[in-house]
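Residue-level structural notes
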Amino acid sequence: MLRVPLSRLPTSQVLQSARRSATTIPSNTSYKVVVIGGGPGGLSVSSTLSSILGPNNVAVIEPSDVHYNQPLWTFVGGGLKSFDQSRKPMEEVIAKEVDWIKKSAAGFEPNSNVVILDDGQKISYDYLVVAAGIQINWDSIKGLKGALGKDGVTSNYSADSVQRTWEFVNNFKGGNAIFTMPSTPIKCAGAPQKIMYLAEEQFRANGIRDKAQVIYNTGIGKIFGIDKYASTLSQICQERGITVNTTTELTEIRPENREAVFKKTGPNGSEEQVYNYDFLHVAPPMGAPDFIKKSPIADKAGWVEVDPATLQHTRYSNIFSLGDCSSCPTGKTAAAVASESQVVKKNLLSLMAGKSLNAKYDGYTSCPLVTGKSKLVLAEFSGYTSKPLETFPVNQAEERSSMYYLTAHALPELYWSGLLKGTWHGPGFFRNIFNNQQ
């Protein structure tokens, strides 16, 4: 492994914890590598780099005490896993060689190689990796924040309300059960309909399906972005009596009347449609984090502007980005993060060694589309080409119990023990083996 001899300034005011330390850093302290974000991308990169560069050379800026395995929240909301299975203390998942700066990043001075923290402190770096995730814009839907978690209104995108989803699903007695999808980019674009399939199945199990109108209102033009899987999902909805309305976006909730207001877009402009709801699952609009959007490292849309192949910033060569906050035009999923993390690590180490950046990201992402308690369509594709990029030598557009058990049981272990520790970079190795056997 490459080991770079480095000089470091000492840190101070170290607060000891059970496994590692959270550090309050004085101004002007510098690191070889600073990573923004304690999500799967930031932890994967920092785990590997800290093992190569050694202690005191890699810092992670992350304010949260808890790390959530958010892909599990579909199963939590569907009553298939407990909320506790989706979380671990941050101190347990950050590598012991990493300095944990328990604060939020607030800005950048890339010409000076500086990150500004939310309290005004400055951290300097030789190399910067931005893996800050995506911002959930709850306020973009009028009335949502006040309604969330009450009277049948929920969202699997919130650590609080996901714990109410199963309660609302299981206690549903009939009426309109509405599931929404915004037109903005979101993390895991299949999640808004995965909970719908689980809920619809539970309505049947509870004997009230004939009293329920299950409705999927999506702000985009089709049920799923990749045609191969969209065809299967449309067929499933037709067979199960689920109404799908495209270009129909939630704009307001009126909880006092249990009304959901949607904007229907089309060739004749937009019109307002009002639905009464008895159950409402909301996938809120999302976007680039504000502190990135207003910074010099952002593109016009607010994302960290990187080369889609190398994941290196297009204007600042010592900055890389991966995951939901980057400008890569692919699905914002943990599967994408796994593949991107390997590219970032290889290219960053090559840059340190004065070598060419030869690792390339092909846009791979995956969306395991849960369609029932033992059924799943494993969508794997390139967000760059919108073409399937499948691992297994079967038609993955079909519902399969094997893919369900892979996703529900094997992938969580790969997440905790592989991805976060920097050793799981996606199924590319296995995909190459299977493809060479065909």
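Here is what the cut-offs are and how they apply
Residues numbered from 1 in each chain as written. Predicted model: local features only at pLDDT ≥ 70, side-chain atom pairs only at ≥ 80, totals over all residues. Heavy atoms only, no water. Pairing = 2+ DSSP bridges. Helix = DSSP H or I, 4+ residues; strand = E, 2+ residues; numbered from the N terminus. Contact = heavy atoms within 4.5 Å. Axes fitted to C-alpha atoms, helices over the stretch in contact; angles between N-to-C directions. Buried < 20%, exposed > 50% of the residue type's maximum accessible area, 1.4 Å probe, protein only. Phe/Tyr/Trp six-rings, centres within 6.5 Å; stacked < 30°, edge-to-face > 60°. Expected span 1.5 Å × (residues − 1). Domains from an automatic or database assignment. Buried area = accessible area lost by both parts, 1.4 Å probe. Salt bridge = Lys/Arg side-chain N within 4 Å of Asp/Glu carboxyl O. Polar contact = N/O pair within 3.5 Å; in protein donor to acceptor, adjacent residues only side chain to side chain. Nonpolar A, V, L, I, M, F, W, Y, C, P; charged D, E, K, R; others polar. UniProt positions renumbered as here; feature names shortened; annotations may be inferred. Right-handed = clockwise from strand over helix to strand, strands pointing away.

One open sheet holds the three strands; their spatial order is S22-S23-S24, and the pairing between them is antiparallel. With one partner strand each, in any of the chains shown, strand S22 (364–372) and strand S24 (387–388) form the two edges of the open sheet. Examined bridge by bridge, S22 and strand S23 (residues 375–382) share eight bridges and lie antiparallel to one another. Paired with Pro368 across the bridge in S23 is Leu378. Helix H6 (residues 191–205) contacts S22 and S23 of the sheet and is inclined by roughly 15° relative to S22.

Right, let's talk about the pairing of strand S3 (residues 29–36) for a bit. Two faces, one strand: in a regular strand the side chains alternate between the faces of the sheet. With seven of eight residues buried, S3 is to be regarded as a mostly interior element. Two elements, S3 and strand S10 (residues 122–130), share seven bridges in a ladder whose sense is parallel. Looking at S10, one finds that Val34 is bridged to Leu128. In the sheet, S3 pairs with strand S4 (residues 58–61) via four bridges, with the strands oriented parallel.

The next subject is the packing of aromatic side chains. What the rule picks out here adds up to 14 aromatic pairs. Plain terms: the ring middles of Tyr68 and Phe83 are 5.8 Å apart, the flat faces sit at 40° to each other, and that makes the pair tilted. Of this pair, Tyr68 sits in strand S5 (residues 66–68) while Phe83 sits in the loop between helix H2 (73–77) and strand S6 (87–89), placing them 15 residues apart in sequence. Overall, Phe83 belongs to the buried group, its relative accessible area being 10%. Taken together, the ring pairs in this structure connect Tyr68, Trp73 and Phe83 into an aromatic cluster.

An ideal rise of 1.5 Å per residue puts 27 Å on 19 residues; helix H9 (residues 334–352) measures up with 26 Å between its terminal C-alpha atoms. Within H9, 14 of the 19 residues are buried, which leaves the element mostly enclosed by the surrounding structure. One or two positions beyond H9, positive phi appears at Gly354, with a value near 75°.

This brings us to the domain arrangement of the protein. The parts lose accessible area when they come together, and the size of an interface is often stated as this lost area. Taken as a whole, the protein is organised into domain 1 (29–134 + 288–436) and domain 2 (144–286). Domain 1 and domain 2 are separated by 28 Å when their C-alpha centres are compared. Regarding the contact of domain 1 and domain 2, the summed buried area is about 2800 Å², with carbon and sulfur atoms giving 67% of it. Three residues, Trp73, Thr74 and Leu369, lead the burial of domain 1 against domain 2; their summed loss comes to 18% of the area buried on that side. Our count for the contact surface shared by domain 1 and domain 2 stands at one salt bridge. Glu390 is the salt-bridge partner of Lys228, the closest N and O atoms lying 3.1 Å from each other. Scanning the region where domain 1 abuts domain 2 turns up twelve residue pairs in polar contact (both at pLDDT 80 or more). Classifying every residue of the side of domain 1 that touches domain 2 gives 17 nonpolar, eleven polar and seven charged.

The UniProt entry lists residues 31–145 under the feature "domain: FAD/NAD(P)-binding" (unreviewed entry), expressed in the numbering used here. In this annotation, residues 31–145 is assigned 22% helix and 34% strand; the end-to-end C-alpha distance for the span is 39 Å.

On to unusual backbone geometry, then. One non-glycine residue, Asn113, lies in the positive phi region at around 60°. Relative to the assigned elements, Asn113 resides in the loop between strand S8 (105–109) and strand S9 (114–117). For Asn113, a relative accessible area of 25% gives the class partly exposed.

What follows is about the pairing of strand S14 (residues 212–218). Along S14, six of the seven residues are buried, which leaves the element largely enclosed by surrounding structure. By the bridge criterion, seven bridges tie strand S13 (residues 175–181) to S14 in an arrangement that is parallel. In the strand pairing of S14, Thr180 is matched with Asn217. Considered for its hand, the β-α-β crossover made up of S13, H6 and S14 is right-handed. Bridge count between S14 and strand S15 (residues 243–245): three bridges; the pairing is parallel. Bridged to Asn217 within S15 is Asn245. In the classification by handedness, the crossover that spans S14, the intervening helix H7 (residues 227–239) and the parallel S15 is right-handed.

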